[in-house]
Amino acid sequence: MDTKSISLIYFSPTKTTQRVLEGIAHGLPGRVITHHDLTPPETATQDMSEFQNTLAIIGAPVYGGRIP
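Novice: Please set out the overall build of the protein residue by residue, giving values where relevant.
Specialist: Secondary structure summary: the protein contains one helix and three strands in total. Shown N-terminal to C-terminal, the secondary structure of the protein runs as helices and strands in the order β-α-β-β. Each principal axis of the C-alpha atoms in the protein carries an extent, and together these give about 35 × 30 × 15 Å. Taken across its 68 residues, the protein has 25% of its residues classed as buried. Sequence-distant contacts in the protein: of pairs separated by 6 or more residues, those separated by 24 or more amount to 74%. For the protein, the exposed surface amounts to about 4,900 Å²; the carbon and sulfur share of it is 56%. Between the centroid of the 5 positive side chains of the protein and the centroid of its 6 negative side chains there is a distance of 10 Å.

Printed below as a string of structure tokens:
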């Protein structure tokens, strides 16, 4: 797979999950990084386009050892 970009898709009320995903993405060699923050309520009705030649890294917070 020849990826040209990285899409970070996350729900991060305290921004910790966002920072973790950014750390992972910055550890990968030279790629364009795009953020898709699903935290704001208005994102529930937004359409998301298909990803092509993109590495998608998905993250969510863990509470009590589980993803809610």
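Let's pick the thread back up.
Novice: Could you give me a rundown of the side chain of Ser12, with the residues and numbers involved?
Specialist: Locating Ser12 in the fold gives a position in the loop between β1 (5-10) and α1 (16-26). Ser12 gets classed as buried once you look at its relative accessible area, which sits at 1%. A distance of 3.2 Å separates the side chain of Ser12 from the backbone nitrogen of Gln18, its partner in a polar contact. Setting aside residues up to four positions removed in sequence, Ser12 forms contacts with Thr17, Gln18, Asp37 and Thr39.

Novice: Describe the environment of Ser7, listing the residues and the values that go with them.
Specialist: With respect to the helices, strands and loops of the structure, Ser7 is situated in strand β1. Along the chain, Ser7 and Leu55 lie 48 residues apart, while their C-alpha atoms are 6.1 Å from each other. Dropping the residues within four chain positions of it, Ser7 is found in contact with Thr34, His36, Phe51, Thr54, Leu55, Ala56 and Ile57.

Novice: Describe in detail the nonpolar core, supporting the description with residues and values.
Specialist: Grouped together as the largest cluster of nonpolar side chains are six residues: Ile6, Leu8, Tyr10, Leu21, Ala25 and Ile57. Counting residues per element, this core draws most heavily on β1, at three residues. Sequence-distant contacts of Leu8, defined by excluding residues within four places in its chain, comprise Leu21, Glu22, Ala25, Ile33, Thr34, His35, His36 and Ile57.

Parameters and conventions
Residues numbered from 1 in each chain as written. Predicted model: local features only at pLDDT ≥ 70, side-chain atom pairs only at ≥ 80, totals over all residues. Heavy atoms only, no water. Helix = DSSP H or I, 4+ residues; strand = E, 2+ residues; numbered from the N terminus. Buried < 20%, exposed > 50% of the residue type's maximum accessible area, 1.4 Å probe, protein only. Contact = heavy atoms within 4.5 Å. Areas by Shrake-Rupley, 256 points an atom, 1.4 Å probe, with all protein chains shown as cover. Lys, Arg positive; Asp, Glu negative; His and termini not counted. Charge placed at Lys NZ, Arg CZ, Asp CG, Glu CD. Polar contact = N/O pair within 3.5 Å; in protein donor to acceptor, adjacent residues only side chain to side chain. Core = buried A, V, L, I, M, F, W, Y, C linked by side-chain atoms within 4.5 Å.

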